[in-house]
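# Summary of structural features
One-letter residues, chain by chain:
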Amino acid sequence: MRLRFTKMHGLGNDFVVLDATRAPIDLTPERVRFLADRHFGVGCDQLLVVEAPTQPGVDFRYRIFNADGGEVEQCGNGARCFVRFVHDRGLTDKTHIRVETQSGLIEPRLEADGQVTVDMGEPRLDPDDVPFDSDSDAVVQPLSLGDVRVLITAVSMGNPHAVQVVADVDAALVTTQGPSIETHARFPARVNAGFMQVVDEHHIRLRVWERGAGETLACGTGACAAVVAGILRELLVSPVQVETRGGALSIAWDGPGTPVLMTGPAVTVFEAEIELD
Ligand SMILES: N[C@@H](CCC[C@H](N)C(=O)O)C(=O)O
């Protein structure tokens, strides 16, 4: 079958976006892995699928697949690309849309300057919600990686994150500790591993080893989780500029019981077709 797709990115976190609003697309994990493959397919960190909603009062359903073929609950940079995609393709003329995801509703809004702000919902900190195997609800918790012990904050932004503070993000052990944290037995659904350097109370530098995709140039939910962790640890004050290797995001959070707001760009790179077996 021939599949029409759009290649997009949010700060270099790149996506293949598919429109399944009119007809379903038969996506197997093998097909996702093929499309995500940078040598034999199109290449992306995540595949995003736009579908018709399954509930009243909602505009679209948003499904997310990691490059390893697994379906996941949430993707922040993808949410910004999602609203630009449905708008540019004429699937809606609303600039503020309500979107159902595997982890609940999010509300992306296209701003007049082309940036996108997404209400990502409230972070969840209860270890059972992350999920994180822990008897304690302390904000900072030790995690053993062989002989090394790191201090992490476990946060769910719909998807699981483990955030640690590092002195210098360029020297952080992202590609060695990242995979060990991702697959750590205390994170039964695996986890995205964030490494945050605090520059000042309104500015961090961040790298994320993403579950199912490896290190990406930026991670939107990772940025939200890092700012939540930094505010809870009294290291940061909202709003916070999050500098990633792919560019900057602005994250605002007024504390427990309130949603996280993420603002940043969404870019269309090209549209094309590919033959699928
Ligand atoms: N790049 C994303 C997150 C994508 C999903 C993540 N890898 C997971 O498995 O939870 C973002 O911008 O949030």
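Every value quoted in this text rests on a predicted model; they were computed, and no experiment measured them. (Residues numbered from 1 in each chain as written. Predicted model: local features only at pLDDT ≥ 70, side-chain atom pairs only at ≥ 80, totals over all residues.)

A tally of regular secondary structure across the chain gives four helices and 18 strands. In terms of overall size, the chain behaves like a compact globule, its C-alpha atoms giving a radius of gyration of 18 Å where 277 residues would be expected to give roughly 19 Å. When its C-alpha atoms are laid out on the principal axes, the chain stretches across 50 × 40 × 30 Å. Within the chain, the fraction of its 277 residues that count as buried is 43%. (Helix = DSSP H or I, 4+ residues; strand = E, 2+ residues; numbered from the N terminus. Rg over C-alpha atoms; globule rule 2.2 N^0.38 Å. Buried ≥ 20, exposed ≤ 12 C-beta atoms within 10 Å, placed from the backbone.)

It is worth spelling out the site of the ligand at this point. Taken together, 19 residues are adjacent to the ligand, and Asn77, Asn159, Arg211, Gly220 and Thr221 come closest. Residue assignment for the shell around the ligand shows that the elements contributing at least two residues are helix H2 (76-88) and helix H4 (220-232). A total of three residues in the shell around the ligand trace back to one element, the largest contributor, which is H2. Residue composition of the shell around the ligand, grouped by class: four nonpolar, twelve polar and three charged. Taken domain by domain, the shell around the ligand gets at least three of its residues from each of domain 1 (2-118 + 266-275) and domain 2 (127-258). (Near = placed C-beta within 6 Å. Nonpolar A, V, L, I, M, F, W, Y, C, P; charged D, E, K, R; others polar. Domains from an automatic or database assignment.)

Another aspect to go through is H2. Given a rise of 1.5 Å per residue, 13 residues ought to cover 18 Å, and the 19 Å separating the end C-alpha atoms of H2 matches this to within 8%. Of all 13 residues that make up H2, eleven are buried, and the element is covered over most of its length. (Expected span 1.5 Å × (residues − 1).)

What follows deals with the UniProt feature "active site" (unreviewed entry) in the chain. What UniProt calls "active site" (unreviewed entry) maps, in this numbering, to Cys75 and Cys219. Over a stretch of 145 residues, the named residues converge on one spot in the fold, their C-alpha atoms separated by at most 7.8 Å. With respect to the secondary-structure elements, Cys75 resides in the loop between strand E5 (71-72) and H2. Among the residues examined, Cys75 registers 31 C-beta atoms within 10 Å and is labelled buried. The residues contacting Cys75, other than those within four sequence positions of it, are Gln46, Ile64, Gly220 and Thr221. Assignment of secondary structure puts Cys219 in the loop between strand E14 (214-216) and H4. Apart from residues lying up to four places away in sequence, Cys219 is in contact with Asn13, Asn77, Asn192, Val208 and Glu210. (UniProt positions renumbered as here; feature names shortened; annotations may be inferred. Contact = placed C-beta atoms within 7 Å.)

Between H2 and H4, whose axes approach to 4 Å, the crossing angle comes to 125°. As judged from the angle between their axes, H2 and H4 are oblique. Residue-level contacts link Gly76, Asn77 and Ala79 of H2 to Gly220, Thr221, Ala223 and Cys224 of H4. Partitioning the contact of H2 with H4 into residue classes produces three nonpolar, four polar and no charged. (Axes fitted to C-alpha atoms, helices over the stretch in contact; angles between N-to-C directions. Parallel < 35°, antiparallel > 145°, perpendicular 65-115°, else oblique.)

Alignment of strand E11 (residues 160-165) against strand E12 (residues 192-200), held across five bridges, turns out to be parallel. In the sheet register, His161 faces E12, and the bridge partner there is Asn192. (Pairing = 2+ DSSP bridges.)

For the chain, per-residue confidence averages 97 on the pLDDT scale, and 100% of positions sit at 70 or higher. No element of the chain has a lower mean pLDDT than strand E7 (residues 104-110), which averages 94, and none a higher one than strand E13 (residues 203-210), which averages 99. This complex was scored by the predictor with a pTM of 0.97 and an ipTM of 0.99. (pLDDT = per-residue confidence, 0-100.)

All right, on to the domain arrangement of the chain then. Structurally, the chain comprises domain 1 (2-118 + 266-275) and domain 2 (127-258). Between the C-alpha centres of domain 1 and domain 2 there is a distance of 24 Å. Opposite the 20 residues of domain 1 that make contact, domain 2 presents 20 residues. Broken down by element, the residue count for the side of domain 1 that touches domain 2 peaks at three residues, all from H2. Partitioning the side of domain 1 that touches domain 2 into residue classes produces five nonpolar, twelve polar and three charged.

Turning to the environment of Gly43, a few remarks are in order. Here Gly43 lies in the loop between helix H1 (29-36) and strand E3 (46-51). Under the C-beta neighbour-count criterion, Gly43 is labelled partly exposed, with 14 such atoms within 10 Å. As a C-alpha pair, Gly43 and Asp129 span 86 residues in sequence and 32 Å in three-dimensional space.

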